[in-house]
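Here is what each chain is made of, one letter per residue.
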Amino acid sequence: MPIRLLPISLANQIAAGEVIERPSSVVKELVENSLDAGALQLVVDIEKGGRRRIRIRDDGAGVSKDELPLALARHATSKIASLHDLEAIQSLGFRGEALASISSVSRLTLTSKPAAQQQAWRAWVEGRDMQAELAPASHPDGTTVDVEDLFFNTPARRKFLRTDKTEFNHIDELLKRIALSRFDVRLTLNHNQKSVRNYPAVSPAQRIDRVARVMGTAFTDHAVALTVEAMGLKLWGWVAPPHACRHQADGQYFYVNGRMMRDRMLNHAIRQAFGDRLDDERVPTYVLYLELPPTEVDVNVHPAKHEVRFQQAREVHDFILQSVREALQAGAEATAREMPS
Ligand code: ADP
Ligand code: MG
């Protein structure tokens, strides 16, 4: 075959193959966009596990009419302008790929109204060159992204989708992760027109209420709270004592500078903190937040994987190990004091 440039739509579909695995990947990208836009209220509507529809409405900064086509174009982002910006990245997104990728494998419409703009506008793309079409629309301040018929044009992907229930469970889990990362944001999740989750915004003093909503009171009734600061690192959150740890790894939430991570090194540090006090049937159960200067971590590892690289990996590991171990010890002593002799 001769060498030729791929049609833009095909290039975008190939890019989508990397990050858009299933409906919950779409929800992740869209919710992160809303949060990056400063939204404090998010409504997520799902139909048929997300394969029929994923719609997210936010009250964020919006996209102006002029920028709507760019928002849908690949490698177009408002979040970084140089490699330097990437070193201290604060936003969740920065690749400028999500909307282009998703719109190449679904029917996506982006409707938005920045507060300073009188009229809302709607944009969608069609065809091989993914030219954006625009039309006036009715919408309050903020943005709605409506993704219909995910993978309608990529049967191979569609085939790998599971039942609606399973796909919805992935979305539910994703929303839990978000709920634990942004206590100040109100989140609502509906499935097939029925309300499934509602996480009202909570103040810092009421965070435990949201943790209880996500993790259940079986966790919050027993969990040990911790806050440790040393060497420019801060670890805070809640960890279950050994007897209250779950049998499955479905209660493990670890955030690095607000991003949910699943990382071998972090898991290892926490597991070690339990030592031999955890019986074989149980796994550590926790909601923990690590905060450190953004220049100390590299989050630009893989777009969909939850891995992270630390400048001082050893120090971070030992700090987590120490902090969790001491919290568990203090928790055990406090419980021992409360027990009647
Ligand atoms: P990235 O998030 O990596 O920048 P995306 O393709 O996800 O790339 O989004 C492209 C751009 O569209 C963003 O940089 C942002 O400017 C704009 N955008 C997307 N979603 C929203 C939203 N919900 N509110 C405001 N702007 C948005
Ligand atoms: Mg994005």
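Residues numbered from 1 in each chain as written. Chains lettered and ligands numbered in written order. Predicted model: local features only at pLDDT ≥ 70, side-chain atom pairs only at ≥ 80, totals over all residues.

- Taking an unreviewed UniProt entry as the reference, the chain is identified by name as DNA mismatch repair protein MutL belonging to Pseudidiomarina terrestris.
- On record in UniProt, under Function (unreviewed entry), the comment for the chain is "This protein is involved in the repair of mismatches in DNA. It is required for dam-dependent methyl-directed DNA mismatch repair. May act as a 'molecular matchmaker', a protein that promotes the formation of a stable complex between two or more DNA-binding proteins in an ATP-dependent manner without itself being part of a final effector complex." (UniProt positions renumbered as here; feature names shortened; annotations may be inferred.)

1. Some words on the nonpolar core
Okay, so step 1: By size, the foremost hydrophobic cluster in this structure holds 77 residues, and its most contacted members are I102, L110, V239 and I320.
Okay, so step 2: Looking at this core element by element, the count peaks at seven residues for helix α7 (residues 164–181). (Core = buried A, V, L, I, M, F, W, Y, C linked by C-beta atoms within 7 Å. Buried ≥ 20, exposed ≤ 12 C-beta atoms within 10 Å, placed from the backbone. Helix = DSSP H or I, 4+ residues; strand = E, 2+ residues; numbered from the N terminus.)

2. Structural notes on the pairing of strand β7 (residues 186–191)
Okay, so step 1: Residues L187, L189 and H191 line the buried face of β7, whereas the alternating positions R186, T188 and N190 sit on a face that is not buried.
Okay, so step 2: Sheet topology note: the strand β1 (residues 41–47)/β7 ladder contains six bridges and is parallel. Following the sheet pairing, V44 is matched in β7 by L189.
Okay, so step 3: Relative to strand β8 (residues 194–199), β7 runs antiparallel, the two being bridged by five bridges. If you follow L187 over to β8, its bridge partner there is Y199.
Okay, so step 4: Turn length for the β7-β8 hairpin, with the two strands adjacent in sequence and antiparallel, is two residues, and the turn residue N192 shows positive phi of about 50°. (Pairing = 2+ DSSP bridges.)

3. Quick look at the site of ligand 1
Okay, so step 1: Taken together, 23 residues lie around ligand 1, and N33, A37, T77, G93 and A98 are the ones closest in.
Okay, so step 2: Only α2 (23–36) and α5 (98–104) provide two or more residues apiece to the shell around ligand 1.
Okay, so step 3: Residue classes in the shell around ligand 1 are distributed as nine nonpolar, nine polar and five charged. (Near = placed C-beta within 6 Å. Nonpolar A, V, L, I, M, F, W, Y, C, P; charged D, E, K, R; others polar.)

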